[in-house]
Amino acid sequence: GNSVTQMEGPVTLSEEAFLTINCTYTATGYPSLFWYVQYPGEGLQLLLKATKADDKGSNKGFEATYRKETTSFHLEKGSVQVSDSAVYFCALTYTGNQFYFGTGTSLTVIP
Amino acid sequence: DGGITQSPKYLFRKEGQNVTLSCEQNLNHDAMYWYRQDPGQGLRLIYYSQIVNDFQKGDIAEGYSVSREKKESFPLTVTSAQKNPTAFYLCASSIAGGSYGYTFGSGTRLTVV
């Protein structure tokens, strides 16, 4: 079946630290991959996406590369800010009718 | 501004009562979705609709019902048959197919008292 596995949180970093949130997936074909971000009490916002192998999605300093050989889509940012504190969700879809979400990774950035 | 609006933000329900959560979008999106979010479990799909007057069950449809009489609206009813309704409910919409990603509402937190 299809599933997404994210590293467990919570993750706590100091401002300007390097961020990696691991995401691996199980899929029978070639899905599109997404990262969403959720701020407290809010819905999810699309952060970035990649639709085929070796594509790199990027937005607001965040990046993730679609790695078919390792079935991974790790989220990275070179220098985090306090405003990046949120919950991050990795997700995949084939047709868009159903997304498969990871359980989310909570990030707290301290000044 | 185009967007997707969920109301109310907080909702309290007595056991045994049905309650309806509102979801309205003005993005001209064809598809709409309802997800349930519980701590540590990610998001789970309840129902989705690709066109007006048509909808399909997701993974956890039992105890829920929906309607899609207008393109802009996709209300979710949590019935008394839902055994554990306390959760955060998220509505989303997308262009047909959804492979470009969803636009989410800000959610409704339902608490059964």
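Please refer to the structure higher up on the page.
Procedures and definitions
- Counting starts from 1 at the beginning of each chain's written sequence and moves along it residue by residue.
- Key to labels: chains lettered from A, ligands numbered from 1, both in the order written.
- Predicted model: local features are reported for residues with pLDDT of at least 70 only, side-chain atom pairs are reported and counted for 80 or more only, and whole-chain, interface and lining totals are derived from all residues.
- Side-chain numbers come from the whole structure's heavy atoms, not from hydrogens or water.
- Centres within 6.5 Å are what make two rings of Phe, Tyr or Trp a pair, Trp counting through its six-membered ring; a difference in plane orientation under 30 degrees is then read as stacked, over 60 as edge-to-face, and the rest as tilted.
- By the criteria applied, helices consist of DSSP H or I runs no shorter than four residues and strands consist of E runs no shorter than two, each listed in order from the N terminus.
- Buried, partly exposed and exposed residues are distinguished by accessible area as a fraction of the type maximum, computed with a 1.4 Å probe on protein chains only: under 20%, between the cut-offs, and over 50%, respectively.
- A 3.5 Å cut-off defines polar contacts: any pair of N or O atoms within that distance qualifies, except that in protein one atom must be a possible hydrogen donor and the other a possible acceptor, and neighbouring residues in sequence count only when both atoms are side-chain atoms.
- What counts as a salt bridge is simple: a side-chain nitrogen of Lys or Arg found within 4 Å of a carboxyl oxygen of Asp or Glu.
- Strands qualify as paired when DSSP identifies two bridges or more between them.
- Whenever a helix is involved, its axis is fitted only over the stretch in contact; in every case the axis is a line through C-alpha atoms, and angles between N-to-C directions fall within 0 to 180 degrees.
- Nonpolar side chains (Val, Leu, Ile, Met, Phe, Trp, Tyr) within 5 Å and like charges within 9 Å form the patches, drawn only from residues with over 30% relative accessible area and no salt bridge.
- Surface exposure here means Shrake-Rupley accessible area, sampled with a 1.4 Å probe, where a residue is shielded only by the protein chains that are shown.

Visitor: What am I meant to see in the packing of aromatic side chains here?
Guide: Residue and element names in this part refer to chain B. A full pass over the atoms with the stated rule returns 18 aromatic pairs over all chains. Seen from their ring centres, Y35 and Y102 are 6.0 Å apart, and the 50 degrees between their planes marks the pair as tilted. Taken as a pair, Y35 in strand β4 (residues 31-37) and Y102 in the loop between β9 (87-94) and β10 (103-104) lie far apart in primary sequence, 67 residues in all. Y102 shares its class with Y35; the two are buried.

Visitor: What's the story with the side chain of T93 of chain A in this structure? I'm lost.
Guide: Relative to the elements of secondary structure, T93 of chain A occurs in strand β10 (residues 86-93). For T93 of chain A, the side chain forms a polar contact with the main-chain oxygen of Q98 of chain A, separated by 2.9 Å.

Visitor: How should I be thinking about the pattern of salt bridges in this particular structure?
Guide: Opposite charge on two side chains permits pairing when their charged atoms draw close. One pass over the structure, following the stated rule, counts 6 salt bridges over all chains. Residues D55 of chain A and K52 of chain A are paired through a salt bridge, measuring 3.3 Å at the closest nitrogen-oxygen approach. A salt bridge links D38 of chain B to R36 of chain B, with the shortest nitrogen-to-oxygen separation between them at 2.8 Å. The exposure class of D38 of chain B is buried, given its relative accessible area of 11%. Here R36 of chain B falls in the buried class, since its relative accessible area comes to 4%. Within the structure, one salt-bridge network assembled from shared partners comprises R36, D38 and R44 of chain B.

Visitor: Can you help me understand the sheet that holds strand β1 (residues 4-7) of chain B in this one?
Guide: One key point about sheets: their strands pair by backbone hydrogen bonds, in either a parallel or an antiparallel sense. All names here are of chain B. The sheet built from 4 strands is open, its strands ordered β1-β3-β8-β7 with antiparallel pairing. If you trace the sheet from one side to the other, it starts and ends with β1 and β7 (64-66), each paired once. Geometrically, the sheet is characterised by an average inter-axis angle of 20 degrees between neighbouring strands, direction not taken into account. Judged from the 3 bridges that link them, β7 and strand β8 (residues 76-78) form a sheet pairing that is antiparallel. Within β8, the residue paired with Y64 across the bridge is V78.

Visitor: Is there a simple way to think about a nonpolar patch on the surface in this case?
Guide: On the surface, a cluster of nonpolar side chains totalling about 380 Å² of accessible area is made up of Y10, F12 and V113 of chain B. The exposure class of Y10 of chain B is exposed, given its relative accessible area of 54%.

These results come straight from atomic positions and should not be treated as a statement about function.
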